[in-house]
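So the chains spell out like this:
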Amino acid sequence: EPACRSQKLMLQGGLIHPAGPGCYCYLPPTVRAMEKLIRVMDEEMRAVGGQKLNVPSLSSAELWRASGRWDQMGPELFRLADRHGKAYCLGPTHEEAVTELVAAQGNLSYRQLPLRLYQVTRKFRDEPKPRFGLLRSREFYMKDMYTFDASEAAARHTYDLVCDAYRSLFDRLGLPFVKVRAATGSIGGTMSHEFQLPAAVGEDRLVVCPDGHFAANVETVNGDQMSCPTCGEKLTQTRGIEVGHTFYLGTKYSSVSNAVFYSAENKPQLVEMGCYGLGVTRILAASIEVLSTEDSIRWPSLIAPYQLCFIPPKRGSKEEEEGAALLERVYDDLAEAVPHLAGDSVLDDRTQLTIGKRLKDANRLGYPYVVIAGKKVCEDPPVFEVWNQNTGEVLFLTKEGVIELLSKVQVP
């Protein structure tokens, strides 16, 4: 049984299909939304000097034993052995592998730093109780960045830069996030923050200053801390869905792999590291969780699978012939004026159904805009009914008005 709104809506809308406990098939609209989200992430990561790479999911047990996490992670690691009896795990995260890659570069100079390497890949965690659909699954997509700096001060500067990039990402998506102080857990390091979307279904308990001076995951505060350390205001409690996590690692992993660079004095020094994760599939589900109504999906406009749904007249109606031809002309003119929307449009050609039934389906699936050739399409000049799903507005516009409205739509 779906345990939360996003899981229910994604199953009902045919966006995901369960393939086993905590594992889902992502259907084409979900993949489209995910690819758009990754494009936005790529833009933000490039803006802070990120370079994209790809590291194997299959990770050698030796690497994990060296860092101490083979035992520390316990049953959460998916472990397996190859035909030669060599032990591996399916990577839930890739600190060891990326640090090993940088250590293997040999003569790394301080002039080549900072290095900011990231990937977007499937991750695996043997969750004891997978639930809430894509919010807590055993196989999921994550954007993970690993940074390498020449000094603690430089690494902390990188930390601030990446946190700002995460803020920018959530602002662009229109998601109401809060950045909170967090525990470092099995990743380690000396400083950590989570980016949380406040939601009743969230598994994290947060304390927040109402004036925005302080926010923390409950696990990091003393049980008796009830007021803001900055302004003294009473802290409020809320729940959140963790969608991003940043860690300042220092030399925890570079010391194990001997990942060094040569300083200006030509002396070998350990690189200072940070790691930064964004849950790609979790952001998709969490955004549906916090933006949607009980029975209709609302996407962050930027990453909706399709921006636009066209609904032609019902078969047999008096508007049928003229309306269908006029709607086609709107599409052709729109494709010419705003080429990036041409591939972001859907035509609901189930003309045996009423306009009302098709509008209800479009509303449920969360197309940001729906353009209908209804009764007014036979007026002079023809007028189309345009639903802006995110604002709830219904506009009656001529073809030129439709094109002007939609020319403002952004697609990553």
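Criteria and cut-off values
- Residues numbered from 1 in each chain as written.
- Predicted model: local features only at pLDDT ≥ 70, side-chain atom pairs only at ≥ 80, totals over all residues.
- Heavy atoms only, no water.
- Domains from an automatic or database assignment.
- Contact = heavy atoms within 4.5 Å.
- Buried area = accessible area lost by both parts, 1.4 Å probe.
- Salt bridge = Lys/Arg side-chain N within 4 Å of Asp/Glu carboxyl O.
- Polar contact = N/O pair within 3.5 Å; in protein donor to acceptor, adjacent residues only side chain to side chain.
- Helix = DSSP H or I, 4+ residues; strand = E, 2+ residues; numbered from the N terminus.
- Buried < 20%, exposed > 50% of the residue type's maximum accessible area, 1.4 Å probe, protein only.
- Pairing = 2+ DSSP bridges.
- Axes fitted to C-alpha atoms, helices over the stretch in contact; angles between N-to-C directions.
- Core = buried A, V, L, I, M, F, W, Y, C linked by side-chain atoms within 4.5 Å.
- Phe/Tyr/Trp six-rings, centres within 6.5 Å; stacked < 30°, edge-to-face > 60°.
- Lys NZ or Arg CZ within 6 Å of the ring centre and 35° of its normal.

Caption draft 1: Representation of the domain arrangement of the protein within the structure. On domain assignment, one finds that the protein holds domain 1 (5-291) and domain 2 (306-407). The straight-line distance from the C-alpha centre of domain 1 to that of domain 2 is 41 Å. Taken together, the four residues of domain 1 in the interface contact six residues of domain 2. Interface area for domain 1 against domain 2, summed over the two sides, is near 430 Å², with a carbon-plus-sulfur share of 42%. In this structure, the connection of domain 1 to domain 2 is made through two salt bridges. In this structure, Asp344 and Lys36 form a salt bridge, with 2.7 Å as the shortest nitrogen-oxygen distance. Where domain 1 touches domain 2, the interface holds three residue pairs in polar contact (both at pLDDT 80 or more).

Caption draft 2: The arrangement of the pattern of salt bridges in detail. Overall, the coordinates contain 25 salt bridges when judged by the stated rule. Between Arg172 and Glu43 there is a salt bridge, with its nearest N and O atoms 2.6 Å apart. Of this pair, Arg172 sits in helix α6 (residues 152-173) while Glu43 is found in helix α2 (residues 28-47), placing the two residues 129 residues apart along the sequence. A salt bridge links Arg364 to Asp361; the nearest nitrogen and oxygen atoms lie 3.8 Å apart. Placement of both Arg364 and Asp361 in helix α11 (residues 355-365) is noted, with a separation of three residues, approximately one turn of the helix. Its relative accessible area of 10% is what places Asp361 among the buried residues.

Caption draft 3: Geometry of the environment of Val371. If you trace the backbone, Val371 turns up in strand β19 (residues 369-372). Residue Val371 is classed as buried on the basis of its relative accessible area of 0%. It is 55 Å that separates the C-alpha atoms of Val371 and Trp70, two residues lying 301 residues apart in sequence. Discounting residues that sit within four places of it in the chain, Val371 has contacts with Leu308, Cys309, Phe310, Ile311, Leu327, Phe384, Glu385, Val386, Val402 and Leu406.

Caption draft 4: Helix α12 (residues 399-406), seen in detail. Here α12 has its buried residues at Gly401, Val402, Ile403 and Leu406. Close packing links the buried residues of α12 with β17 (308-311), α9 (320-337), α10 (339-342), β19, β20 (384-388) and β21 (393-397).

Caption draft 5: Geometry of the side chain of Glu44. Locating Glu44 in the fold gives a position in helix α2. Within the structure, the side chain of Glu44 is placed 2.8 Å from the side chain of Ser168, a separation counted as a polar contact. Not counting residues within four places of it along the chain, the set of residues in contact with Glu44 comprises Ala165, Ser168, Leu169 and Arg172.

Caption draft 6: Broad picture of the sheet that holds β20. Spatial strand order, β18-β17-β19-β20-β21: five strands in an open sheet with mixed pairing. Two strands close off the open sheet at either side, each with one partner strand: β18 (345-347) and β21. Strand-to-strand twist across the sheet, computed as the mean angle between neighbouring axes with direction ignored, equals 20°. When β20 meets β21, the two strands line up antiparallel, connected through five bridges.

Caption draft 7: Highlighting the nonpolar core. Among the nonpolar cores identified, the biggest contains 53 residues, and Phe170 and Ile283 are the most heavily contacted of them. Considering every element that reaches this core, the biggest residue donor is α6, with nine residues. Those residues within four positions of Phe170 in sequence are excluded, and the remaining contacts are Leu175, Phe177, Phe195, Val243, Leu278 and Ile283.

Caption draft 8: Summary view of the packing of aromatic side chains. Inspection of the entire model under this criterion finds seven aromatic pairs. Judged by centre distance (5.9 Å) and plane angle (50°), the ring pair of Tyr26 and Tyr141 falls under tilted. With Tyr26 in strand β2 (residues 23-26) and Tyr141 in strand β8 (residues 139-149), this pair connects stretches of sequence that are 115 residues apart. Taken individually, Tyr26 and Tyr141 each receive the classification buried, so the pair is uniform in this respect. Ring plane angle 40° and centroid distance 5.6 Å describe the contact between Phe170 and Phe177, whose orientation is recorded as tilted. We classify Phe170 as buried; its relative accessible area is 0%. For the cation-ring pair, Arg32 lies above Tyr306, with the distance from its terminal atom to the ring centre recorded as 4.0 Å. The positively charged end of Lys376 is found above the aromatic ring belonging to Phe396, 5.3 Å away from the centroid.

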